[in-house]
Amino acid sequence: MNVFGKAAVTISLGLAAISAPAVAHHSFAMFDQDKIVDLKKVKVVQFKWGNPHVFVVVQSGDTRYALECSSPSAMTGAGWKFNSIKVGDTIDVSIFPLRSGKPGGALKAATLADGKKLEAL
């Protein structure tokens, strides 16, 4: 293989390596962003503050909703902290529901028990 061939292979491998994280990241296409569902007085059963996305699981009656949020850095920029909500808290949430109709969605906003509203997207 000549010098130009080796350079082309090296550049191709380098581009593939740095583009892998971008390919692995998913979009929010699974959520219906034309529809907002408000869930009142739901109980927080899990709050995961971590990359790549923050997650909240809430329960309303017998139904649990897994809610995906933005990244911790984006949430921090919107006023959230790692301890903004805790397991056992009762909150109101606005979500973009899953297109599949299953219980879950993307968290748009949460209103805490003290009335403080935090945007999530």
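Residues numbered from 1 in each chain as written. Predicted model: local features only at pLDDT ≥ 70, side-chain atom pairs only at ≥ 80, totals over all residues. Heavy atoms only, no water.

Participant: Break down the overall build of the protein for me, with residues and values.
Facilitator: Within the protein, the secondary structure is distributed over two helices and six strands. Along the protein, helices and strands appear, N-terminal first, in the series α-β-β-β-α-β-β-β. Buried positions account for 31% of the 121 residues belonging to the protein. The long-range fraction of contacts in the protein, counting pairs at least 24 apart against all pairs at least 6 apart in sequence, stands at 53%. Surface summary for the protein: the accessible area is close to 7,600 Å², and the carbon and sulfur share equals 59%. (Helix = DSSP H or I, 4+ residues; strand = E, 2+ residues; numbered from the N terminus. Buried < 20%, exposed > 50% of the residue type's maximum accessible area, 1.4 Å probe, protein only. Contact = heavy atoms within 4.5 Å. Areas by Shrake-Rupley, 256 points an atom, 1.4 Å probe, with all protein chains shown as cover.)

Participant: Would you mind going over the environment of K117 in detail, with residue names and values included?
Facilitator: Its location among the elements puts K117 in strand β6 (residues 117-119). Between the alpha carbons of K117 and G79 there is a distance of 9.5 Å; along the sequence they are 38 residues apart. The residues contacting K117, other than those within four sequence positions of it, are A109, A110 and T111.

Participant: Just give me the short version of the nonpolar core, but keep the residues and values in it.
Facilitator: What tends to happen in soluble globular proteins is that the nonpolar side chains get buried as a cluster. With 21 residues, the main nonpolar core has W80, I91, V93 and L107 as its most contacted residues. Mapped by element, the contributors of at least two residues to this core are β1 (37-48), β2 (55-60), β3 (63-68), β4 (90-97) and β5 (104-111). When residues in this core are grouped by element, the largest group, four residues, is from β1. Once residues within four sequence positions are removed from consideration, V93 is found in contact with V37, D38, L39, V42, L67, L107, A109 and A110. (Core = buried A, V, L, I, M, F, W, Y, C linked by side-chain atoms within 4.5 Å.)

Participant: How would you sum up the packing of aromatic side chains? Please name residues and give values.
Facilitator: In total, this model carries two aromatic pairs according to the counting rule given. Among the aromatic residues, ring-to-ring pairing joins F47, W49 and W80 into one connected group. (Phe/Tyr/Trp six-rings, centres within 6.5 Å; stacked < 30°, edge-to-face > 60°.)

Participant: How would you summarise the environment of G115 if you had to cite specific residues and measurements?
Facilitator: Tracing the chain through its elements places G115 in the loop between β5 and β6. A relative accessible area of 49% places G115 in the partly exposed class.

Participant: So, the pairing of β2: which residues are in play, and what are the values?
Facilitator: Bridge count for β1 against β2 is five bridges, and the pairing is antiparallel. Directly across from V44, in β2, lies its bridge partner V58. Joining the antiparallel neighbours β1 and β2 is a turn of six residues. Pairing analysis gives six bridges linking β2 to β3, with the strands arranged antiparallel. Paired with V58 across the two strands is Y65, which belongs to β3. Between β2 and β3, which follow one another and run antiparallel, lie two residues, and G61 among them has a positive phi close to 65 degrees. (Pairing = 2+ DSSP bridges.)

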